[in-house]
Amino acid sequence: MSFQVYLDNIKAKTGKLPEEFQKLAQEKGFIKDGELLADIKAGQIVAWLKEEFELGHGHAMAIYAYFKGKRS
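Keep in mind the model is a prediction, meaning the values are calculated, not measured. (Residues numbered from 1 in each chain as written. Predicted model: local features only at pLDDT ≥ 70, side-chain atom pairs only at ≥ 80, totals over all residues. Heavy atoms only, no water.)

A. Local environment of the pattern of salt bridges. What the rule picks out here adds up to one salt bridge. Between Glu52 and Lys28 there is a salt bridge whose closest N-O contact spans 3.3 Å. With Glu52 in helix α3 (residues 42–53) and Lys28 in the loop between α2 (18–27) and β1 (31–32), the pair connects residues that are 24 residues apart, well separated along the chain. (Salt bridge = Lys/Arg side-chain N within 4 Å of Asp/Glu carboxyl O. Helix = DSSP H or I, 4+ residues; strand = E, 2+ residues; numbered from the N terminus.)

So, in structure tokens, the structure goes:
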């Protein structure tokens, strides 16, 4: 599955774009000035996305990758 397909499936499930997740992550203190904070681990992001949005592990990791700068 391509990265874009993951993002499309996340949008279909949650109604949110990656940019919206990034804004929510900033509100939670995971991101500052558009950058993932150095002490934030993938597991923290995955746990948050699984708990609040019922994303599976792969989809949560796609959002984490987006936070790290992956765009395609």
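B. Structural view of the environment of Ala42. Within the secondary structure, Ala42 is located in helix α3. Sequence-wise, Ala42 and Ile63 are 21 residues apart; in three dimensions their C-alpha atoms are separated by 9.9 Å. Setting aside chain neighbours within four positions, we find Ala42 in contact with Met61 and Tyr64. (Contact = heavy atoms within 4.5 Å.)

Everything listed here is a matter of coordinates, which is why it stays silent on function.
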